[in-house]
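# Chains, contacts and geometry: an overview
In case you want the letters, here they are:
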Amino acid sequence: MSSLDVINEILNYEFMYHEDILAEFKRPDNSENNDPMMSLKIDNRGGADSYTIYSFDKDGVDTFPFFNNRGERGLKKICDYILFAQAGDKLVILVIELKSGSGSSSKQLKASRVFVEYLINTAKRLSDSMSLGSQKKIDYKLDNYAIRTIRITKGQKQGTKMGDFKKADGHIIYDWSTFRIGALLHLPED
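A word on the overall build of the protein. A tally of regular secondary structure across the protein gives three helices and 10 strands. In the protein, the succession of helices and strands from N to C terminus is α-β-β-β-β-β-β-α-β-β-β-β-α.

Counted residue by residue, strand β5 (residues 81–87) has seven buried out of seven residues, so it is predominantly covered. Here β5 shows two buried faces, one formed by Y81, L83, A85 and A87 and the other by I82, F84 and Q86. Here strand β4 (residues 50–54) pairs with β5 via five bridges, running antiparallel. Directly across from Y51, in β5, lies its bridge partner A85. The pairing of β5 with strand β6 (residues 90–99) spans seven bridges and is antiparallel. Its bridge partner lying in β6, I82 is registered against V95. Hairpin connection, β5 to β6: the antiparallel pair is bridged by two residues, and G88 has positive phi, about 65°.

All right, on to the confidence of the model for the protein then. Per-chain confidence: the protein averages 81 in pLDDT, with 79% of residues scoring 70 or above. In the predicted structure, residues 156–162 sits below a pLDDT of 50 and forms 20 contacts with residues beyond four places in sequence or in another chain.

Taken as a whole and judged by the stated rule, the model has four salt bridges. K41 is paired through a salt bridge with D20; the nearest N and O atoms lie 3.1 Å apart. In this pair, K41 sits in strand β3 (residues 38–43) while D20 sits in the loop between β1 (16–17) and β2 (21–24), placing the two residues 21 residues apart along the sequence. Where K99 meets E97, a salt bridge forms, and the shortest distance between an N and an O atom there is 4.0 Å. Here K99 and E97 have matching classes, each one buried.

A few words now on the sheet that holds strand β10 (residues 178–180). An order of β2-β3-β10 is seen for the three strands of this open sheet, with the pairing classed as mixed. Each edge of the open sheet is held by one strand with a lone partner, namely β2 and β10. Between one strand axis and the next, the sheet turns through 25° on average, direction left out of account. Direction of pairing for β2 relative to β3: antiparallel, over a ladder of four bridges. Across the sheet, E24 pairs through a bridge with M38, a residue of β3.

Where helix α1 (residues 3–10) meets helix α2 (residues 106–125), the closest approach of the two axes is 10 Å, and the angle between their N-to-C directions is 100°. Between α1 and α2, the angle falls in the class roughly perpendicular. Residues V6, I7 and I10 of α1 form the contact with α2, whose own contacting residues are L119, I120, T122 and A123. Of the residues in the contact of α1 with α2, the class split is six nonpolar, one polar and no charged.

Glancing now at unusual backbone geometry. Although it is not a glycine, D169 sits at a positive phi angle of roughly 55°. Considering the arrangement of structural elements, one finds D169 in the loop between β8 (166–168) and β9 (171–174).

Another point: the packing of aromatic side chains. Tallying each qualifying case throughout the model produces 13 aromatic pairs. Between the aromatic rings of Y54 and F84, the centroid separation amounts to 5.9 Å while the plane-to-plane angle is 80°, which identifies the pairing as edge-to-face. Of the two residues, Y54 sits in strand β4 while F84 sits in strand β5, which places them 30 residues apart along the sequence. As far as burial versus exposure is concerned, Y54 and F84 are alike and both buried. Ring-pair connections join several aromatic residues into one group, and the members of that group are F15, Y54, F56, F64, F66, F67, F84 and F115.

The rules behind each value
- Residues numbered from 1 in each chain as written.
- Predicted model: local features only at pLDDT ≥ 70, side-chain atom pairs only at ≥ 80, totals over all residues.
- Heavy atoms only, no water.
- Helix = DSSP H or I, 4+ residues; strand = E, 2+ residues; numbered from the N terminus.
- Buried < 20%, exposed > 50% of the residue type's maximum accessible area, 1.4 Å probe, protein only.
- Pairing = 2+ DSSP bridges.
- pLDDT = per-residue confidence, 0-100.
- Contact = heavy atoms within 4.5 Å.
- Salt bridge = Lys/Arg side-chain N within 4 Å of Asp/Glu carboxyl O.
- Axes fitted to C-alpha atoms, helices over the stretch in contact; angles between N-to-C directions.
- Parallel < 35°, antiparallel > 145°, perpendicular 65-115°, else oblique.
- Nonpolar A, V, L, I, M, F, W, Y, C, P; charged D, E, K, R; others polar.
- Phe/Tyr/Trp six-rings, centres within 6.5 Å; stacked < 30°, edge-to-face > 60°.

So this is what it looks like as structure tokens:
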């Protein structure tokens, strides 16, 4: 069983994202226009053995119902997408926030990183007792993983070589027109 299989067993299938584009639909003016503000086609050529995308930032869904609605501003922040990619024996987690404007994405990315770390720790905690379908016990170790936070923007110039990414506030700045998973899998560790 791969690390990706374990993550997919833990997370609710209802949040799985099945499209072949990453898109930002929220508009600052709250207009009813259903066209995406920004979208990128997902390209996995030369990338992951397999991957799954989750989207927890859904209109009308309280992703964190156990937090107080009157609590700290930003308490329930979550990024647009979390992509879990199996690359050989390594699980690479891409925490993705799309920003069509100039606003900050740090709160969403930091909060989502903490959420991903919680998922990883949950998978490790369950490693002795987890079963899948008819299998009674699954042997796996979730020790080989990397978490990368990515802000996808429009209008910022950067290099086009694989792995040539700028960073801001510790987050990768990505502004290519296609979301190339392979370009983000084999980066030097932070």
